[in-house]
Amino acid sequence: MKLSDVVAFMGHQVHVCRYREAGTLLDWMGRDLRGKRVLDVAGGDGYWAGQTVRRGAWAVSIDLARKKMVYGQSLAHPPALIECDALKLPFRDGSFDAILSVCAIEHFDDGGRSLDEMARVLAPGGELFMSADVLSRADAWPKLRDAHKAKYHVQHTYTHETLGKLLDERGMDLVRYSYQFRTAAAERLYLSLSAYGGRVGFNAAAPLTPLVALADRGAPNDRGSIVLLHARKRSA
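Please read these numbers as outputs of a predicted model, since none were measured by experiment. (Residues numbered from 1 in each chain as written. Predicted model: local features only at pLDDT ≥ 70, side-chain atom pairs only at ≥ 80, totals over all residues. Heavy atoms only, no water.)

*Asks:* What am I meant to see in the nonpolar core here?
*Replies:* The tendency in soluble globular proteins is for nonpolar side chains to be buried as a group. Core analysis: the largest hydrophobic core is formed by 35 residues, its most contacted members being Leu100, Phe181 and Tyr190. Of all the elements in the fold, those that place two or more residues in this core are helix H2 (18-29), helix H3 (47-54), strand S4 (96-101), helix H8 (184-204) and strand S7 (226-233). Considering each element in turn, this core owes the most residues, six residues, to H8. If sequence neighbours within four positions are ignored, tyrosine 190 has contacts with Cys17, Asp133, Leu135, His148, Phe181, Phe202, Ser225 and Ile226. In this structure, Ala104, Val121, Leu167 and Ala231 belong to the second largest nonpolar core, which totals 31 residues. (Core = buried A, V, L, I, M, F, W, Y, C linked by side-chain atoms within 4.5 Å. Buried < 20%, exposed > 50% of the residue type's maximum accessible area, 1.4 Å probe, protein only. Helix = DSSP H or I, 4+ residues; strand = E, 2+ residues; numbered from the N terminus. Contact = heavy atoms within 4.5 Å.)

*Asks:* When you look at the pattern of salt bridges in this model, what are you seeing that I'm missing?
*Replies:* In a structure, side chains of opposite charge can pair up when their charged atoms sit close to one another. According to the stated counting rule, one finds 17 salt bridges in the structure shown. Here arginine 18 makes a salt bridge to glutamate 21, at a shortest N to O gap of 2.5 Å. Of this pair, arginine 18 and glutamate 21 both sit in helix H2, three residues apart, roughly one helical turn. For aspartate 139, the salt bridge is made with arginine 145, and the minimal N-O distance between the two is 2.9 Å. Assessed through its relative accessible area of 61%, aspartate 139 is described here as exposed. (Salt bridge = Lys/Arg side-chain N within 4 Å of Asp/Glu carboxyl O.)

The structure is reproduced here in structure tokens:
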């Protein structure tokens, strides 16, 4: 394994939420992706799109962070990496069978426009796997909320209901959803790590992942810090 892959693994998978978040979306997508055309929207270095390549997919990752994408070219299973705007995708209608987007939509000025583009390039019957910031209880901790939003340039937050409505308007049906960091304690942990710990804090807190997952299983699936969704585009 190359050093770049070790560094990418540590950055993406040794993390209190990202492994479980992106891992769940990939599990929903399926183990055998042979013949599938996959697009990762705002995929950074393309690491998670690369995991679909390992499962047999032909994958493209798009982003505006050129430095991350240059780094991604050094990974063992790189997708095609294209520098472009998620609000103006350079692909034909119906170009992809599946779209992956890990906590990206909350950073866009116009989340609806990004969904317009995802719906456009998704083939009829194609599937969308995405996550988004919810921050259900963030108003209880305004300093943590504001620090998180400022640090990560969070423009909007979404629930499964608000996203479900946006998806329905664009010809997509919500198949399933799941919240993470569902309890008040877990959500405060998430906001504290993001506000004060940053990436180092999220990685250092990785041993807490099983505890957070256990707490999530015992809490209602109706709110939390992050929501995961699986949707399907209606046939024409």
